[in-house]
Amino acid sequence: MINHSSGLNHKHSSEKTLFNKILVANRGEIALRIMQTCREMGISTVAVYSTVDAESMHVKYADEAVCIGPALSRESYLNIPRIIAAAEVTNADAIHPGYGFLAENADFAEVCASVNIKFIGPTATMINQMGDKNTAKSTMIFAGVPVVPGSPGLVTDLQQAIETAQRTGYPVIIKPTAGGGGKGMRVVTEDSQMEKALNTARSEAEQSFGNSGVYIEKYLENPRHVEIQILSDQHGNTIHLGERDCTVQRRHQKLIEETPSPVVDEALRKKMGDAAVAAARAINYEGAGTIEFLLDKHKDFYFMEMNTRIQVEHPVTEERYDVDLVKEQILIAAGESIEGRNFIPKGHSIECRINAEDPEHSFRPSPGQLQVFHTPGGHGVRVDSHAYASYVVPSNYDSMIAKLIVTAHSRDEAIARMSRALDEFIVVGIKTTIPFHKQVMHSSVFQSGDFDTSFLESFRYEKK
Ligand code: ADP
């Protein structure tokens, strides 16, 4: 165990300490991001890490750090007994799970509760109600929230799959009920493709998520992905903090997010916000959460899923609403009320995910050592990253090495600011998605704001 306590007292005298010590059960930029807020709040931090992450910034930054196992996630970041042991050994009174790994694992939330460590997020019951996407849809139908039409439950046999597809009309999409990160989804356009697609989807789901359950939805053509950020406290108050537009995706995975959405006006924001608040209230939700919708060209929207955690793209909301969402999560977990809180939006914020991937070779992973890592700065620029020069990006985890977030008065100004910030961002040693993002910022389609989730399929990346 490493103890980095310098004897410095980080506590703000004006701020009462809600938790003394928070263990962050995650790695990379989000672990660091959470610890930064803890430090501002006067809360000590504990990092956990796998052997390949020993030199990671989140380990260096934390007050204490505990090695919990080898690179394999199952033996480290997904290993509940080891994480709980680390929390007990260090006397942490709360655990923040970040996103990914155990963030939406109901068993983990349950175990934390049973050993009297506060899980910063919803209860196991709430995670269960929303974690299984198919159950979540049923809950939403009950709450009167519009959902994408599809199978009433999980689809187990071919006959049932074909019947559902014929009823909703082709094309349809087969989705894993335990899914995440755009993995394991299959689009089917006619009966004859169904058998093969169903079998592949089921076995992929089993492999990726340990759960072969799949369901079928109508495949909406040319939708936008628009999601609503909500905050719910333990006293029955829920508010929303507007939308994030995550329509720029590659293979169903988000690459660029922004708020406000170029297509959402005040009336639609209110409608979607009200639906999201109703969704959270339907399960007496507690914490920060996101309700994901697909928005079609008629401005009709359909519930897709709820993420019961902080999301990768949360900083754009933080910038536009001038709020620290991690701080809100901690305050809510400590029992504080959000009643009467009013967040006033201002400006336009965009995030580009900088991944260690090679856009010239179909985005294949590009791990390795960073020789130069020079981040942009200046007015309206924020970089959330755990990387630094000489850091070795391991091949074992997610390829994201930084999030570049810019904020300006208008969308046009934000795009101009993002372009100049990307120009200033210098990474030497590995390939990154920086050159790709530069080209997207210069594309007239992106600038027009008029595109859908298929945008990148027709986008031509010019190799250097
Ligand atoms: P994950 O949780 O794996 O990210 P989502 O359910 O959030 O999966 O879907 C990811 C993306 O896949 C969506 O943003 C959208 O672009 C596409 N998608 C999912 N369901 C549909 C659908 N029914 N019709 C059209 N596109 C869909």
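As the structure is a computational prediction, the values presented were derived from the model and not from experiment.

A. How the structure looks around the pairing of strand β22 (residues 400-408). The element β22 is largely enclosed, with a buried count of nine among its nine residues. Of the pairings in the sheet, the one linking strand β15 (residues 348-355) to β22 comprises eight bridges and is antiparallel in character. Among the inter-strand pairings, I350 is bridged to a residue of β22, identified as V406. Where strand β20 (residues 381-385) meets β22, five bridges bridge the pair, whose relative direction is antiparallel.

B. Representation of the pattern of salt bridges. Evaluation of the coordinates by the stated rule reveals 30 salt bridges. The salt bridge involving R186 is made with E204; its shortest N-O contact spans 2.7 Å. Of this pair, R186 sits in strand β8 (residues 186-188) while E204 sits in helix α8 (residues 191-209); the two residues are 18 residues apart in sequence, bridging distant segments of the chain. Assessed through its relative accessible area of 26%, E204 is described here as partly exposed. Residue E258 pairs with R411 through a salt bridge whose shortest N-O separation is 2.8 Å. In this pair, E258 sits in strand β12 (residues 253-259) while R411 sits in helix α12 (residues 411-424), placing the two residues 153 residues apart along the sequence. Among the residues examined, E258 registers a relative accessible area of 2% and is labelled buried. One connected set of salt bridges, linked through shared partners, spans E227, R244, K254, E257, E292, E313 and R353.

C. Region of interest: the domain arrangement of the chain. One can read the domain layout of the chain as domain 1 (2-118), domain 2 (149-218) and domain 3 (224-458). With centres defined by C-alpha atoms, the gap from domain 1 to domain 3 works out at 24 Å. The partner domain 3 presents 33 residues to the 35 residues of domain 1 that form the contact. Contact between domain 1 and domain 3 buries roughly 2,500 Å² in total, counting both sides, with carbon and sulfur atoms accounting for 60%. Of all residues in domain 1, E29, R33 and E104 bury the most surface against domain 3, accounting for 24% of the area lost on that side. Linking domain 1 with domain 3 are five salt bridges. Of the charged contacts in the structure, one is a salt bridge between R33 and D324, with a shortest N-O distance of 2.7 Å. Summed over the shared surface of domain 1 and domain 3, the number is 13 residue pairs in polar contact (both at pLDDT 80 or more). Every element with two or more residues in the side of domain 1 that touches domain 3 is listed here: α1 (28-41) and α2 (57-61). Considering each element in turn, the side of domain 1 that touches domain 3 owes the most residues, nine residues, to α1. Across the side of domain 1 that touches domain 3, the residue classes tally to 16 nonpolar, nine polar and ten charged.

Procedures and definitions
Residues numbered from 1 in each chain as written. Predicted model: local features only at pLDDT ≥ 70, side-chain atom pairs only at ≥ 80, totals over all residues. Heavy atoms only, no water. Buried < 20%, exposed > 50% of the residue type's maximum accessible area, 1.4 Å probe, protein only. Helix = DSSP H or I, 4+ residues; strand = E, 2+ residues; numbered from the N terminus. Pairing = 2+ DSSP bridges. Salt bridge = Lys/Arg side-chain N within 4 Å of Asp/Glu carboxyl O. Domains from an automatic or database assignment. Contact = heavy atoms within 4.5 Å. Buried area = accessible area lost by both parts, 1.4 Å probe. Polar contact = N/O pair within 3.5 Å; in protein donor to acceptor, adjacent residues only side chain to side chain. Nonpolar A, V, L, I, M, F, W, Y, C, P; charged D, E, K, R; others polar.

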